[in-house]
Amino acid sequence: MNVEQKYQKWLNSSLPNDLHAQLESMNEKEVFDAFYTDLEFGTAGLRGVLGPGSNRLNIYVVRKATVGFAKYLIENVKNAKERGVVISHDNRLYSREFTLETAKVFSSFGIKSYIFDDLRPTPELSFAVRKLKAAGGVMITASHNPKEYNGYKVYDEEGCQLTPNKINPLVEIINSLGDEIDITYGDSKVKGEIVTLNSDVDEDYVNHVLSIQINKDLKKDDLKIVFSPQHGTSLERAKELFGILGYQVTYVEEQCTHDPLFSNTSSPNPELPEAFDLSLEYAKKVDADLIISTDPDADRIGIVFKDRNGEYQLYTGNQTGGLLLYYILGEKSKKGLLKPNSVVFDTVVTSTLGQKVCAHFGVEVESVLTGFKFIGEKIYRYELSGEKHFEFGYEESYGYLIAPFVRDKDSLQAIVMVAEMVNYFLKQGKTLDVVLDELMDIVGYHSDELYSIYFHGAQGKETIKQIMNKLRNHPLKELCGIKVSSYDDYKLLVNKDLEGNVLKKYNLPQTNLLKFYFEDGSTIAIRPSGTEPKCKFYLGSVSKTKEGNIGKNKRLYSALKKYLNIE
């Protein structure tokens, strides 16, 4: 069926009025983009622009995904119907409607559903799956994407997002179901119960988060914090935590409403400086020491702090992760809490800064592919075997996990640990920039930046493909006079030298990612996004001196774009 035929089929179906009106108003280009392909599972499930069409997120695409997940659970998880599925959602448009539709589909297959009375953070969804010993979970969210998006994340019985060995069979089932518009419900004679959860899950989750404190007796009411949930799901749990802990917190009131249009924020993504525009105004008024902001589904956290000169600095995910490791491992080492088999998990595109911090404390690091599900899977395997003890897991994309009662990144845990870390160092007279300089004096000066270029539509996909093909067929040999020593190709799962000789093999799932290692310790990784139409470029420069790193990433990135002819 071609694009026009699919469009006409949807147009002539009994759709909700809003979807039908959108279809009628589409121009030729919009029709093509909405129907030229089907929305696909990426690194974090389904995520797409809201609207009608097979390449959009709507009630029909959600229904199809849920029918597929219901069939998958019945086939693959013991007692799935009785154990049930936990479903949660964020503040986005149609999130509640998609949640209720998801529960309705599971019920039609005889599968029990647990839903919350309102929105909840992604990490609490993961926690609830584990607490209730459910067969799986669904989180309706588009994380930090713009307001036009929503999404559908799926979780296994361990509260971990599905890894490829589970996603692939699920995708096969979904692809076998036919057109979204034709999907029907299950026909179980005994319908699955839909249970609304009470506050017990909230209370238990908050108590677990409080348990991660290392120096819990530190005086807290003299640390000034500004906090924003970016209109999202962290607000209620964060207020509980701050209230119990006793910190002095000013809330960005305009962003403390669950607004699906994100009306009072320049961006809901705490990776971006503009996400902190309003928070900075608050911080300057109250002379805050620290700004904390979470993304809408509360799995990511960004921080801004007042430095030694009284200026406010936004730190990257790599810098925050490196500092958290320095604090956690350092304090546990002092207290004799580090175990001989301790392990930290990062990703193949994370800065080498954290790895050097771990080496300083004698802690092993294992790198996985991007996507926190791979960290969750590692935690589960070592928990079963007892071979290694989890200490910390993180991604450069502002996601951190301190304790594994959650199997996804957890901004609420990060809020508690970041506040404690800043409080601890300030009581020693040190701002975070001072601490980071001290750390880099030990491990070397690192500067890590992520650059992204959007390539929209069918032509965009082709452009990204050409970029990756060029880098594979003609690998980088040098940039800015710095020679490449080797490179990783995670499609082939090998590390090669410039002559093409295989130096190392990786035991990881295949993915479309390349990483180049330079002779001075710097790195560049290139990866098409799994959730948005863009290509990501991870620049990690390393120098012996602070001055040697100034502007280095920008120079390398400019040279890379010139090489790829994407100026």
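All of these numbers come straight from a predicted model, not from anything done at the bench.

Caption draft 1: Expanded view of the overall build of the protein chain. When you go through the protein chain residue by residue, the secondary structure sums to 18 helices and 23 strands. When the backbone C-alpha atoms are referred to their principal axes, the protein chain occupies close to 65 × 55 × 50 Å. In the protein chain, which comprises 567 residues, the proportion classed as buried is 60%. Long-range pairs, those at least 24 residues apart, make up 69% of the contacts in the protein chain with a sequence separation of at least 6. Accessible area for the protein chain stands at about 22700 Å²; split by element, carbon and sulfur atoms hold 48% of it. Charge separation in the protein chain, taken as the distance between the mean sites of 69 positive and 79 negative side-chain charges, equals 4 Å.

Caption draft 2: Structural context of a negative patch on the surface. Where like charges cluster on the molecular surface, the negative patch consists of E253, E254, E274, D277 and E281. Looking at where E254 falls in the secondary structure, it is placed in the loop between β8 (248-251) and α11 (277-286). The class for E254 is partly exposed, based on a relative accessible area of 33%.

Caption draft 3: View of the pairing of strand β12 (residues 342-347). The buried count for β12 comes to six of six residues, which makes it a mostly enclosed element. One ladder, built from four bridges, connects β12 with strand β14 (residues 389-395); its direction is parallel. Counted as the bridge partner of S342 is H389 from β14. The pairing of β12 with strand β13 (residues 364-368) spans five bridges and is parallel. Residue V343 lies in a different strand from β13, and its bridge partner there is E364.

Caption draft 4: Spatial organisation of the packing of helix α12 (residues 317-334) against helix α15 (residues 411-426). For the pair α12 and α15, the least separation of the axes is 10 Å and the interaxial angle reads 70°. Here α15 runs roughly perpendicular to α12, going by the angle between their axes. On α15, the residues that touch T320, L323, L324, Y327, I328, E331 and K334 of α12 are M417, V418, E420, M421, Y424 and F425. Class assignment for the residues of the contact of α12 with α15 results in nine nonpolar, one polar and three charged.

Caption draft 5: Representation of the nonpolar core. In terms of nonpolar packing, the biggest core is built from 95 residues, with V86, I225, F242, I292, F392 and L432 touching the most fellow members. When residues of this core are assigned to their parent elements, the largest contribution, eleven residues, is made by α15. Aside from chain neighbours lying at most four places away, what touches V86 is Y114, F116, L125, A128, V129, L132, A134, G136, G137, V138 and L197. Formed by 48 residues, the second largest nonpolar core is a distinct cluster that contains M26, L39, I59 and V85.

Caption draft 6: Broad picture of the sheet that holds strand β3 (residues 113-115). Spatially, the six strands line up as an open sheet ordered β1-β5-β4-β2-β3-β6, and their pairing is mixed. Looking at the sheet topology across the chains shown, the edges are occupied by β1 (46-49) and β6 (194-196). Between one strand axis and the next, the sheet turns by 15° as a mean value, whatever way the strands run. Summarising the sheet, strand β2 (residues 85-89) and β3 pair through three bridges and their orientation is parallel. Residue pairing across strands places V85 opposite S113, the latter belonging to β3. Each of β1, β2, β4 (136-140) and β5 (149-155) is contacted by helix α4 (residues 59-76), which is oriented at about 5° to β5, the strand it contacts most.

Caption draft 7: Quick peek at the pairing of β8. The side-chain alternation of β8 yields one buried face, formed by V249 and Y251, and one unburied face, formed by Q248 and T250. In terms of strand pairing, strand β7 (residues 224-228) meets β8 through four bridges, oriented parallel. Bridged to K224 within β8 is Q248. Following the chain from β7 across helix α10 (residues 235-245) to the adjacent parallel β8, one finds a crossover that is right-handed.

Caption draft 8: Structural detail: unusual backbone geometry. One non-glycine residue, D287, lies in the positive phi region at around 55°. Mapped onto the fold, D287 is located in the loop between α11 and β9 (290-294). Residue class for D287 comes out partly exposed when judged on its relative accessible area of 40%. Of note, the phi angle at C480 is positive, near 55°, even though the residue is not glycine. Mapped onto the elements, C480 comes out in the loop between β17 (478-479) and β18 (482-489). A relative accessible area of 45% means that C480 is categorised as partly exposed.

Calculation rules
- Residues numbered from 1 in each chain as written.
- Predicted model: local features only at pLDDT ≥ 70, side-chain atom pairs only at ≥ 80, totals over all residues.
- Heavy atoms only, no water.
- Helix = DSSP H or I, 4+ residues; strand = E, 2+ residues; numbered from the N terminus.
- Buried < 20%, exposed > 50% of the residue type's maximum accessible area, 1.4 Å probe, protein only.
- Contact = heavy atoms within 4.5 Å.
- Areas by Shrake-Rupley, 256 points an atom, 1.4 Å probe, with all protein chains shown as cover.
- Lys, Arg positive; Asp, Glu negative; His and termini not counted.
- Charge placed at Lys NZ, Arg CZ, Asp CG, Glu CD.
- Patch = residues over 30% accessible without salt bridge, like charges linked within 9 Å, V, L, I, M, F, W, Y side chains within 5 Å.
- Salt bridge = Lys/Arg side-chain N within 4 Å of Asp/Glu carboxyl O.
- Pairing = 2+ DSSP bridges.
- Axes fitted to C-alpha atoms, helices over the stretch in contact; angles between N-to-C directions.
- Parallel < 35°, antiparallel > 145°, perpendicular 65-115°, else oblique.
- Nonpolar A, V, L, I, M, F, W, Y, C, P; charged D, E, K, R; others polar.
- Core = buried A, V, L, I, M, F, W, Y, C linked by side-chain atoms within 4.5 Å.
- Right-handed = clockwise from strand over helix to strand, strands pointing away.

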